[in-house]
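Given next are the chains, with one letter for each unit.
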Amino acid sequence: PHEYQILLCQRLGYTNVFSLHRPEIHYRLEMWKDDDREVAWRLSKLAIRNPEFQNFQNLKIDDNPIIVQENNKFWLALCGYPPSGQTPQTVIEFDFKISEKYKRKAAVQSIQSWWRRVITVRKFMENELDTLAGKHAAPETKKATFKQVAKIAILCRIKR
């Protein structure tokens, strides 16, 4: 089953599939590719910040199973210890797992992020209403203007 996931992720690009809120998938990253290396870098930083849990499981570097401590030297191990200034040439494959504690934290952050977006859009709409209808406009005028602004917002979203 991992083969199909790997093919899909490589086709779409791991940076387009990757999410810090849900990083638990199987990875096969070609470290000479900028996007793959970026995802590996972000995952390694996440693993180092969560030392109580082994995040990189079933790790293989160039098809060789390896066990490496997730510490400050971890990134160099993933890159195959390339000479300074050179692009890594390794292929790393692993299952990334996170602790239940991190999952709860990520869920909270995701909800907070969405809530901030709602508040930002609401403030934007209120500012647009004040600009278009005037700060001291009658409630009926603001309601009509709100409908116009909402239609514009929907059209803008569709055009993206």
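The coordinates are above.
Notes on the structure in this doc start here. (Residues numbered from 1 in each chain as written. Predicted model: local features only at pLDDT ≥ 70, side-chain atom pairs only at ≥ 80, totals over all residues. Heavy atoms only, no water.)

Assigned secondary structure in the protein consists of six helices and four strands. Pairs at least 24 apart in sequence give 57% of the contacts found in the protein among residues at least 6 apart. Working note: accessible area of the protein is about 11,600 Å², and carbon and sulfur atoms make up 55% of it. (Helix = DSSP H or I, 4+ residues; strand = E, 2+ residues; numbered from the N terminus. Contact = heavy atoms within 4.5 Å. Areas by Shrake-Rupley, 256 points an atom, 1.4 Å probe, with all protein chains shown as cover.)

A separate point is the packing of aromatic side chains. In this structure the tally under the stated criterion is six aromatic pairs. Each residue in the set Y14, Y27, F56, F74, F94 and F96 is aromatic and connected to the rest through ring pairs, giving one cluster. (Phe/Tyr/Trp six-rings, centres within 6.5 Å; stacked < 30°, edge-to-face > 60°.)

Bringing the sheet that holds strand β4 (residues 91–96) into the picture now. Spatially, β1-β4-β2-β3 is the arrangement adopted by the four strands of the open sheet, whose pairing is antiparallel. This sheet does not close on itself; its edge strands, each paired only once, are β1 (26–30) and β3 (64–65). Sheet topology places strand β2 (residues 56–61) next to β3; two bridges connect them, and they run antiparallel. Its bridge partner being in β3, I61 is matched across the sheet by N64. Across the face of the sheet, helix α1 (residues 2–12) comes into contact with β1 and β4 while running at roughly 50 degrees to β1. Against the sheet, helix α3 (residues 34–49) engages β1, β2 and β4, with an angle of about 125 degrees to β1. (Pairing = 2+ DSSP bridges. Axes fitted to C-alpha atoms, helices over the stretch in contact; angles between N-to-C directions.)

Moving on, we get to a positive patch on the surface. A contiguous patch of positive charge on the surface is contributed by K45, R49, K101, R104 and K105. A per-element tally of the positive patch places helix α5 (residues 100–133) first, with three residues. By relative accessible area, K105 is classed as partly exposed at 49%. (Patch = residues over 30% accessible without salt bridge, like charges linked within 9 Å, V, L, I, M, F, W, Y side chains within 5 Å. Salt bridge = Lys/Arg side-chain N within 4 Å of Asp/Glu carboxyl O. Lys, Arg positive; Asp, Glu negative; His and termini not counted. Charge placed at Lys NZ, Arg CZ, Asp CG, Glu CD. Buried < 20%, exposed > 50% of the residue type's maximum accessible area, 1.4 Å probe, protein only.)

When you tally the buried positions in β4, you get six out of six residues, the bulk of the element. Every second residue of β4 is oriented toward a common face, with V91, E93 and D95 on one face and I92, F94 and F96 on the other, all of them buried. The pairing of β1 with β4 spans five bridges and is antiparallel. When the sheet's bridge partners are listed, E30 is paired in β4 with V91. Across four bridges, β2 lies against β4 in antiparallel orientation. Bridging across to β4, I61 finds its partner in I92.

Quick look at a nonpolar patch on the surface now. Together, L8, L12 and V17 line one region of the surface with nonpolar side chains, adding up to about 250 Å² of accessible area. Using a relative accessible area of 47% as the deciding quantity, one classes L12 as partly exposed.

Considering all chains together, one arrives at four salt bridges under this definition. For R28, the salt bridge is made with E93, and the minimal N-O distance between the two is 3.0 Å. Of this pair, R28 sits in strand β1 while E93 is found in strand β4, placing the two residues 65 residues apart along the sequence. On the accessibility criterion, R28 (24% relative accessible area) is partly exposed. The exposure class of E93 is buried, given its relative accessible area of 16%. By sharing partners, the salt bridges in this structure join R28, D63 and E93 into a single network.

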